[in-house]
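# Observations on chain architecture
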Amino acid sequence: MDATNRTVADSLVAMGELLEIKGEDPFKIRAFYRAAEEIGRLPRSVAGMSTDELMEIRGVGKAIAQKIQEIVRTGTFTELEEVRGTIPSTLIELLDVPGIGPKTVNRLWKKLGILTLDDLERAARGHRIRAIGGFGEKKESDMLQAIQIHRSRSRRMTLLEAEKVIAKITAVMQPGTFAVAGSYRRGKSTIGDIDIVSTEHPQALRQRLLAASDELIDEGERRTSVRVDGQRVDIRFTDKRQCGSMLVYLTGSKNFNIRLREIAIGKGWRINEYGIEEREAGGSREYETEEEMFAALGMSYVHPHQREDRGEIALALRHALPEFLHAAEIRGDLHVHTTMSDGHHTPAQIAEKGAQKGYEYILITDHSASLGIAEGLDTAGLESQRRAIDAVNTDSSCTLLHGVEVDIAADGSLALPNSALSALDLVIASVHGGFRQEPDVMTRRIITAIENEHVDIIGHPTGRMLGERPASAMDMERVIDAAAENGTALEINASPYRLDLDDEQVKNARDQGVKLALGTDAHDIEELQFMRFGVITARRGWCRKEDILNTMTLGELKEWAS
DNA sequence: GCCGTTTTCGGCCCGACTGTTTTCAGTCG
């Protein structure tokens, strides 16, 4: 995201958090969060936008538009600094502790002078919390436990980690009685917790759930929450007749559900997880499937991958949702390593696995020699690899294309000469070091690579490693424009540790007519299965078949590259 | 603070679960 937009969004969120602690009007607070969210996903930089232009952004009115302009100029805004003068900013950290909200933070601060996590821990250990009205012993010990959980906070799961947790918990559930919902079902790149809908009886499932989990967080008649491998799992119990509304509710996203409920209000209805009620008449309807519920709202079915309130609801109401990419349309993998750099398998083994998967082609892209972390190929190495690939291709239903993943140096130059690159079928260029350059330097570095006529695809464009390394700061709008101008594709790196570009960047690139290339970055033939994560990310980025290089036939792909 | 196919004022999604102040506020998703 643009660095300025990040600053603006962060300031607006900080304002919201401080106002919550202050006890301001919840709707005013939500307005700040909503505006921050919209700014965060905006492809354009807000720097330099006029008040009128800013007010065209959803959730931005005159007041916030002026605050945004002030943040662009000064890095903050007057009201935020004023609130900071009355409410210590350190209190925001306390909001992250599970079970502690703004009201609690306010009282802890005013009554006990608690400003930090350490203050809170000392107060709880010293049994000073229970002295305030409204808090008892249980609350005190819960807080101590919550502080521990917060400190050892397990970061958000990758999709692979989420699948391990899901496998563990659903192993004790009866086949056909459950469905996984939540952000996993929507295919988000990282997952905070697991949500499951179950039609079993809570009491019947209780013992099995306990046996499969580390800890019971809480349980009621309709919901049980447990911890598995340090991660929260919520199981929501429902009747088969209400499965549809429960799945919609539990799948989210939150903003998508809010929009659905607003639509229902316009019709005089109320949506909840049990179905749709008529506000006046009091009648209610149940939906066994999601499809029936969408139909009742007068919309086409919205697939979970699109349920983010990014414009899909308006299209569904007009029955104008496009057909998005399907996994079956993928004809090959466009980023795979072999033993000739840091991969574990030979070209022959990769071709065999590709054939098993029904692929028409796989693009072999070993690292270039400059790269310190991996044994890379120089010009001579590429020539010998060409012979190895030709030999495999004489006898394989899956054609190996010869490419390279050439390193983009700090100044944007490439680690192999153009003469070597021109002999290849396709060239990926990627950044593998110096991730923390100044945004403008990084932007120019990538654009320089995009402008090289031999470069076909920019690999993992932001360099992020989920939970490990943030995306490099750069002006993605300029990168996308340059890719569009030069006909260079951007990669959707399908590795569950990367998923780079992310879904929103994919959508922005797609909207500008940039082609996207799906590559697993496999270093082992088992990792070719990561393609499914790339397909999901492409779908979340609203890609249709024609936006994706990998849906081309071998002939079309060669034609595109030449 | 935002917003408008009843509205420029008066709304703003909806419910589960917990602890504790026994009827509900706070937190969470």
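Use the structure listed above.
Just so we're clear, the structure is a prediction, and the values are computed from it rather than from any experiment. (Residues numbered from 1 in each chain as written. Chains lettered and ligands numbered in written order. Predicted model: local features only at pLDDT ≥ 70, side-chain atom pairs only at ≥ 80, totals over all residues. Heavy atoms only, no water.)

### Some words on the overall build of chain A
This is how it is decided: Secondary structure elements follow DSSP: runs of H or I of four or more residues count as helices, runs of E of two or more count as strands, with numbering from the N terminus. What the globule rule says is 2.2 Å times the number of residues to the power 0.38, and the radius of gyration is computed from C-alpha atoms. Note on classification: 1.4 Å probe, protein chains only; a residue is buried when its accessible area is under 20% of the maximum for its type, exposed when over 50%, partly exposed between these limits. Per-residue accessibility takes into account occlusion by the displayed protein chains alone, with areas from the Shrake-Rupley method and a 1.4 Å probe. Charged residues are defined narrowly, with Lys and Arg counted positive, Asp and Glu counted negative, and His plus the chain ends left uncounted. Where a charge lies is defined by one atom per residue type: Lys uses NZ, Arg uses CZ, Asp uses CG and Glu uses CD.
Broken down by element type, chain A carries 24 helices and 17 strands. Relative to its length of 562 residues, chain A is compact, with a C-alpha radius of gyration of 26 Å against a globular reference of 24 Å. Out of the 562 residues in chain A, the part that is buried amounts to 52%. For chain A, the exposed surface amounts to about 24700 Å²; the carbon and sulfur share of it is 48%. Charge centroids of chain A, computed over 71 positive and 89 negative side chains, lie 7 Å from each other.

### Remarks on the packing of aromatic side chains
Keep this limit in mind: For this analysis, a ring pair means two rings from Phe, Tyr or Trp (six-membered ring only for Trp) whose centres lie within 6.5 Å, classed as stacked if their planes differ by under 30 degrees, edge-to-face if by over 60, and tilted for the remaining angles. Ring-over charges, as used throughout, are those where CZ of Arg or NZ of Lys falls within 6 Å of the ring centre and within 35 degrees of the ring normal.
Per the stated rule, a full pass over the model turns up five aromatic pairs. Judged by centre distance (6.1 Å) and plane angle (40 degrees), the rings of Phe530 and Phe533 are tilted. Take Phe530: its relative accessible area is 5%, and that puts it in the buried class. Against the face of Phe435 rests Arg469, its NZ or CZ located 3.7 Å from the ring centre.

### Things to note about the sheet that holds strand E4 (residues 194–198)
Cut-off, in case you're wondering: Two strands pair if DSSP finds at least two bridges between them. Every angle, taken between N-to-C directions, lies between 0 and 180 degrees, and every axis is a line fitted to C-alpha atoms, over only the stretch in contact when it is a helix. Contacts are assigned to residue pairs with any non-hydrogen atoms lying within 4.5 Å of each other.
Taken together, five strands build an open sheet; the order of strands is E2-E4-E7-E6-E5 and the sheet is mixed. Unpaired on one side and paired on the other, strand E2 (178–180) and strand E5 (215–219) mark the two borders of the sheet. Between one strand and the next, the sheet's axes are offset by a mean angle of 20 degrees, whatever the strand orientation. On the sheet, helix H12 (residues 202–212) packs against E4, E5, strand E6 (223–228) and strand E7 (231–237) and is oriented at approximately 170 degrees with respect to E7.

### Thoughts on helix H14 (residues 254–266)
The line we're drawing: Here a helix's expected span is defined as the number of its residues, less one, multiplied by 1.5 Å. It is the directions from the helix axis to the C-beta atoms whose arc is reported.
Relative to the 18 Å expected for 13 residues at 1.5 Å per residue, H14 spans 19 Å between its end C-alpha atoms, a close match to the ideal helical length. Of all the residues in H14, the buried ones are Phe256, Asn257, Leu260, Ile263 and Ala264. Down the axis of H14, the smallest arc covering the buried residues is 120 degrees, so these residues share one side. The exposed set on the far side of H14, more than 90 degrees from its buried face, consists of Lys254 and Gly266. Where H14 is buried, its residues meet helix H13 (243–251), strand E8 (269–272), helix H15 (290–296) and helix H16 (312–317).

### What to know about a negative patch on the surface
Cut-off, in case you're wondering: Residues enter patches when their relative accessible area tops 30% and they take part in no salt bridge; the joining distance is 9 Å for like charges and 5 Å for the nonpolar side chains Val, Leu, Ile, Met, Phe, Trp and Tyr. When a carboxyl oxygen of Asp or Glu lies within 4 Å of a side-chain nitrogen of Lys or Arg, that pair is called a salt bridge.
Together, Glu451, Glu477, Asp481 and Glu485 give the surface a local cluster of negative charge. Of all the elements, helix H21 (residues 476–486) adds the most residues to the negative patch, at three residues. Among the structural elements, Glu485 can be located in helix H21. According to the relative accessible area criterion, Glu485 is exposed, its value standing at 72%.

### Concerning the pattern of salt bridges
Taken as a whole, this structure holds 45 salt bridges when the rule is applied. The closest approach of N and O atoms between Arg236 and Glu273, which form a salt bridge, is 3.1 Å. With Arg236 in strand E7 and Glu273 in the loop between E8 and strand E9 (275–278), this residue pair connects regions lying 37 residues apart in the sequence. Where salt bridges share partners, they join Arg186, Glu308, Arg310, Asp503, Glu504 and Arg540 into one cluster.

### So, the protein's contact with DNA strand B
Heads up, the condition is: If even one non-hydrogen atom of a residue comes within 4 Å of a molecule or strand, that residue is called near it. N or O atoms within 3.5 Å of each other form a polar contact, as long as, within protein, one can give a hydrogen and the other can take it, and as long as residues adjacent in sequence are counted only when both atoms are side-chain atoms.
Surveying the vicinity of DNA strand B reveals 48 residues, the closest of which are Gly99, Thr104, Gly134, Arg261 and Tyr274. Note that a phosphate oxygen of DNA strand B is positioned 2.5 Å from one of the backbone N or O atoms of Gly136. Of all the elements in the fold, those that place two or more residues in the surface near DNA strand B are helix H2 (26–40), helix H4 (62–74), helix H7 (102–112), helix H9 (137–151), E5, H14 and E8.

### Looking at the pairing of strand E17 (residues 516–519)
As a reminder, the rule being used: Here is how to tell: hold the view so the strands point away, follow the path from the first strand over the helix to the second, and if it runs clockwise the crossover is right-handed.
Along E17, one buried face is formed by Leu516 and Leu518 and the opposite face, lined by Ala517 and Gly519, is buried too. The pairing of strand E16 (residues 489–493) with E17 spans four bridges and is classified as parallel. Note on E17: the bridge partner recorded for Leu490 is Leu516. The handedness of the E16 to E17 crossover, carried by helix H22 (residues 503–511), is right-handed.

### Focus: the side chain of Asn106
As for its position among the elements, Asn106 is in helix H7. Under the relative-accessibility criterion, Asn106 is labelled buried at 14%. Not counting the four nearest positions on each side in its chain, Asn106 is found in contact with Ile21 and Lys22.

### Points about the packing of helix H1 (residues 3–22) against H7
Let me state the cut-off plainly: For classification purposes, angles smaller than 35 degrees are called roughly parallel, those larger than 145 roughly antiparallel, those between 65 and 115 roughly perpendicular, and all remaining angles oblique. Each crossing gets its handedness from the near helix: less than a right angle anticlockwise from the far helix is left-handed, clockwise is right-handed. When residues are grouped by polarity, Ala, Val, Leu, Ile, Met, Phe, Trp, Tyr, Cys and Pro land in nonpolar, Asp, Glu, Lys and Arg in charged, and all others, Gly among them, in polar.
In the contact formed by H1 and H7, the axes pass within 7 Å of each other and the chain directions differ by 65 degrees. It follows from the interaxial angle that H1 and H7 lie roughly perpendicular. Note on packing geometry: the crossing formed by H1 with H7 is right-handed. Where H1 approaches H7, its residues Glu20, Ile21 and Lys22 are matched on the opposing element by Pro102, Val105 and Asn106. Grouping the constituent residues of the contact of H1 with H7 by class yields three nonpolar, one polar and two charged.

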